[in-house]
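Inside the fold
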Amino acid sequence: MRHIISVLLENEPGALSRVSGLFSARGYNIESLTVAPTEDPTMSRMTIVTNGSDDVIEQINKQLNKLVDVVKVIDLSEGEHIERELMLVKVRAVGKDREEMKRMADIFRGRIIDVTDRDYTIELTGSGSKLDAFLKAVSRDAILETVRTGASGIGRGDRVLKL
Amino acid sequence: MEISGAEIVVRCLQEENVDYVFGYPGGAVLFIYDELFRQNKVKHVLVRHEQAAVHAADGYARASGRVGVALVTSGPGVTNAVTGIATAYMDSIPLVVVTGQVPTHAIGQDAFQEVDTVGITRPCVKHNFLVKDVHDIAGTMKKAFFVAASGRPGPIVVDIPKDVTAAKAAFEYPATISMRSYNPVTKGHGGQIKKALSLLMHAERPMVYTGGGVVLGGATKELTQLVRKLGFPCTSTLMGLGGYPASDGQFLGMLGMHGTYEANMAMQHCDVLLAIGARFDDRVIGNPRHFFDEKRRIIHIDIDPSSISKRVRVDVPIVGDVRDVLQELSKQLGASTAKPDASALKTWWAQIELWRARDSLKYDRSSPLIKPQYVIQKLHEVTKGEAYITSDVGQHQMWAAQFYKFEKPRRWINSGGLGTMGFGMPAAMGVQLAHPKETVVCVTGESSIMMCIQELSTCKQYRLPLKIISLNNRYMGMVRQWQEFFHGNRYAESYMDALPDFVRLAESFGHVGMRIEKPADVEGALAEAFKRKNELVFMDFVTDQAENVYPMIPGGKGLSEMILV
């Protein structure tokens, strides 16, 4: 099953490699991993999307907690949460495609953030499946380039991951 | 007053009351060596290879219960040390390994003797640090000692670039340390302990299974009291030997791949299992699927949450310091009116005694060749069971574990997790320095001993009167055994041709060498060797080449699928 795990860790050099090294050494999957400093610059917040059986997920949580740099770990998928991912996609925008791409961006609540006479760069935010849906909806040939951030997640309501 | 980074390192070691540092100098640590030279409090032990420095620090830590310290230079100094660090990591031994690094401005330039120490050691340390500012040395060293020894112990690497050891700063050693990201749980959950007690009281076929955590956690007394009060059978892993007295009637011997028949059968057929500081690893329970064929309820006490429900799902997890949890369990037991089911226990013990009667450790005592088991039994007699025994890895290790009956903790020192050949002699050096008046024995084989043989030189320099018991069967014995059992007697590269004359080898290093070829000479030779209190004696026992370690659970098989002699 897919899980989205949030990790609060010391913003130290090498902290990221401790986490990624843990996943590769123990054979856990990483679907995506994002990390950036929090409002407190001494700490980073990481979101890891992974999948595995309940036993594997339990071990992932425990092993993450065991890392000396890790302050807190929660499995967001255990409760109500919001998940967002950002995608930048460069699409061909010539001829009839030019109008079509504008329409697709609107339908998916995307924004065109760069324009040339041949292409658009569209910014899209949403769950991973929404971004997938956009890529499915436009023709493969029209897509010149995509870049995705991987998911970031946060608990709903008063579910807070803080020191 | 400002002092150099190198002096700060040495002052930190003094503050931690470190009496021995095991190491080998080199370019990147010259400033630190210079500071060691100028003081007398911290003694340095010069090994002949960095692997041995870490093993010696490790042996020191295992025998004394204190943090072991090693000091090596950058690059090859570090890569040589990695085997020792990984050995300590697998067995949860507290170490601080200080490594030199190339100057900060040269890091990443493929400088002479540069390796990414933090990167290379990351998967085999509890934690590591790269100190880039002289002002951070004291705080980092404090953290290193704290993290190494607390929670589930482990090795810590502190990597210090050469220019940082030359730079100056004021020195102040922090009195205490707190880390927001590191707070190991030590106190067990009272409710869980209560649940555990209730399970134990309702058991019909209970079993206590203990591991290295009992030794590391200093819980021998608590364990022994509890087990005796309950009247339950008790077994131990390789790492836990000595945690419960081997001569006690409730002790079934070691379990696992080369465990006794009674220990493995009781483990397989119990209905309530109390696991204490042990981790159900592959050499202990064999195939977990086979283990699950029998239904049982499991209580697991461990300081490391990730050890719980890793290979085997447990019913009552208790995270905490084993000593603390066992104390609480005993307290609740004392306050409770519930008693173990006496009649069920009687039936269970009757079954266990039947298993025990198979005498699974028997061997041919009338052989004209020296049987390795016999050497260990005589070693036990001659040393009255009180020696500190280190071992290398292989058949001799298993025979030592099976036949030297350990009554006390920290007497049995071996590389259980990583299985590092070459561990025994350097570890014994650390043990001897920790306990200068005690008898220290290294049980080894002719293959293992060759992996760190250069340390005979260190032993001479520091006058370490080790007794080396080499069970010489001219084979990598355990490899040969597997080839006999599973590879059609094809002894691929397991025969040791062109061995040295170990007597003359020992003599050339300034030690005493003995070669023993007949069973009748074993006891006399041992007695003579142990009389030489101030000399290292290398005893080369020429043993039966065909002897195997029994019982044996073949890889992938279950606990009740032992090959018996």
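Here the structure is a predicted model, which is why all the values come from computation and not from measurement.

Here's the deal with the overall build of chain B
Each helix and strand counted, chain B has 22 helices and 20 strands in total. Its C-alpha radius of gyration of 24 Å places chain B within 12% of the 24 Å reference for a compact globule of 565 residues. With the C-alpha coordinates aligned to their principal axes, the bounding extent of chain B is approximately 75 × 60 × 40 Å. Across the 565 residues in chain B, those meeting the buried criterion constitute 60%. The contacts of chain B with a sequence gap of at least 6 include a subset with a gap of at least 24, amounting to 77%. For chain B, the exposed area adds up to about 21800 Å²; of that, 51% sits on carbon and sulfur atoms.

Notes on helix α4 (residues 76-90) of chain B
In an α-helix, one turn spans 3.6 residues; hence positions three or four apart end up facing the same way. Residues and elements named next belong to chain B. Helix length check: α4, at 15 residues, gives a terminal C-alpha distance of 22 Å against a target of 21 Å (1.5 Å per residue), a fit within 8%. The set of residues buried in α4 consists of G77, V78, A81, V82, G84, I85, A86, T87 and A88. Those residues of α4 that are buried lie in contact with α3 (50-64), β4 (68-72), β5 (95-101), α5 (117-121) and β7 (155-161).

Looking at the sheet that holds strand β9 (residues 206-210) of chain B
All names here are of chain B. The strand order across the open sheet formed by six strands is β11-β10-β9-β12-β13-β14, and the pairing between neighbours is parallel. Two strands close off the open sheet at either side, each with one partner strand: β11 (251-254) and β14 (316-319). With strand direction ignored, the average angle separating the axes of adjacent strands in the sheet is 15°. Here helix α8 (residues 190-201) sits on the sheet in contact with β12 (272-276), β13 (297-302) and β14, set at roughly 135° to β14.

Regarding the confidence of the model for chain A
Chain-level pLDDT for chain A is 96 on average; 100% of the residues reach the 70-or-more range. Element-level mean pLDDT values for chain A span from 94 in helix α3 (residues 96-107) of chain A up to 98 in strand β7 (residues 119-126) of chain A.

With respect to the interface of chain A and chain B
Listed as interface residues are 20 residues of chain A and, on the opposing side, 18 residues of chain B. Summing both sides of the interface, chain A and chain B together bury roughly 1600 Å²; the carbon and sulfur share of this comes to 43%. The salt bridge involving R313 of chain B is made with E58 of chain A; its shortest N-O contact spans 2.7 Å. For the pair chain A and chain B, the interface holds 12 residue pairs in polar contact (both at pLDDT 80 or more). Elements that contribute at least two residues to the side of chain A that touches chain B include exactly α1 (15-25), α2 (54-66) and β4 (70-75) of chain A. In terms of residues, the side of chain A that touches chain B owes the most to one element, α2 of chain A, which gives six residues. The residue inventory of the side of chain A that touches chain B, partitioned by class, reads six nonpolar, five polar and nine charged.

A few points about the pairing of β7 of chain A
Residues and elements named next belong to chain A. Among the eight residues in β7, six count as buried, and that is most of the element. Relative to β7, strand β5 (residues 81-92) runs antiparallel, the two sharing eight bridges. Of the residues in β7, the one forming a bridge with K90 is T121. Pairing between strand β6 (residues 111-115) and β7: four bridges, direction antiparallel. Across the sheet, the residue bridging to R111 is E123, located in β7. Between β6 and the antiparallel strand that follows it, β7, lie three residues.

Some thoughts on α2 of chain A
Residue and element names in this part refer to chain A. For α2, built from 13 residues, the straight-helix expectation of 18 Å at 1.5 Å per residue is met to within 8% by its first-to-last C-alpha distance of 18 Å. Along α2, the positions that sit buried rather than exposed are I57, Q59, I60, N61, K62, Q63 and L64. Those residues of α2 that are buried lie in contact with β1 (2-10), α1, β3 (43-51) and β4.

What to know about the side chain of R410 of chain B
Residues and elements named next belong to chain B. Looking at where R410 falls in the secondary structure, it is placed in the loop between α17 (395-403) and β16 (412-413). For the buried R410, no salt bridge is present, and the opposite-charge side chain at shortest range is D58, 8.9 Å distant. Engagement of the side chain of R410 in a polar contact is seen with the backbone oxygen of R62, the distance being 2.9 Å. Polar side-chain contacts of R410 include one of 3.4 Å to the backbone oxygen of V215.

Topic: a nonpolar patch on the surface
A surface patch of nonpolar side chains, about 220 Å² in accessible area, is lined by L88, I113 and V147 of chain A. As for its position among the elements, V147 of chain A is in strand β8 (residues 143-148).

Description of the sheet that holds β7 of chain B
Residues and elements named next belong to chain B. One open sheet accounts for six strands, arranged β3-β2-β4-β5-β7-β6; its pairing is parallel. Every interior strand has two partners, whereas the edge strands, β3 (43-46) and β6 (127-130), have only one. Taken pair by pair, the neighbouring strands of this sheet meet at an average axis angle of 20°, ignoring direction. The strands that α3 touches are β2 (20-23), β4 and β5; relative to β4, the one it contacts most, it runs at about 170°. Contacts from α4 reach β4, β5 and β7, with the element oriented near 160° to β7.

Some words on the packing of aromatic side chains
Residues and elements named next belong to chain B. Under the defined criterion, the tally for this structure stands at 21 aromatic pairs over all chains. Centroid distance F485 to F486: 5.8 Å. Interplanar angle 90°. Geometry classified as edge-to-face. The class of F485 is partly exposed, set by a relative accessible area of 23%. On the basis of relative accessible area, F486 is assigned to the partly exposed category, the value being 34%. The lysine or arginine in question, K43, covers the ring of Y20, its NZ or CZ lying 5.2 Å from the ring centre. R480 extends its terminal NZ or CZ atom over the ring of Y475, reaching a point 5.7 Å from the ring centre.

Observations regarding unusual backbone geometry
Residues and elements named next belong to chain B. Residue P551 is bonded to the preceding Y550 through a cis peptide linkage, with omega at -10°. Mapped onto the elements of the fold, P551 is located in the segment after β20 (537-542). Although it is not a glycine, A498 sits at a positive phi angle of roughly 55°. Within the element layout of this structure, A498 appears in the loop between α20 (477-486) and α21 (502-508).

Thresholds, definitions, all that
Residues numbered from 1 in each chain as written. Chains lettered and ligands numbered in written order. Predicted model: local features only at pLDDT ≥ 70, side-chain atom pairs only at ≥ 80, totals over all residues. Heavy atoms only, no water. Helix = DSSP H or I, 4+ residues; strand = E, 2+ residues; numbered from the N terminus. Rg over C-alpha atoms; globule rule 2.2 N^0.38 Å. Buried < 20%, exposed > 50% of the residue type's maximum accessible area, 1.4 Å probe, protein only. Contact = heavy atoms within 4.5 Å. Areas by Shrake-Rupley, 256 points an atom, 1.4 Å probe, with all protein chains shown as cover. Expected span 1.5 Å × (residues − 1). Pairing = 2+ DSSP bridges. Axes fitted to C-alpha atoms, helices over the stretch in contact; angles between N-to-C directions. pLDDT = per-residue confidence, 0-100. Buried area = accessible area lost by both parts, 1.4 Å probe. Salt bridge = Lys/Arg side-chain N within 4 Å of Asp/Glu carboxyl O. Polar contact = N/O pair within 3.5 Å; in protein donor to acceptor, adjacent residues only side chain to side chain. Nonpolar A, V, L, I, M, F, W, Y, C, P; charged D, E, K, R; others polar. Lys, Arg positive; Asp, Glu negative; His and termini not counted. Patch = residues over 30% accessible without salt bridge, like charges linked within 9 Å, V, L, I, M, F, W, Y side chains within 5 Å. Phe/Tyr/Trp six-rings, centres within 6.5 Å; stacked < 30°, edge-to-face > 60°. Lys NZ or Arg CZ within 6 Å of the ring centre and 35° of its normal.

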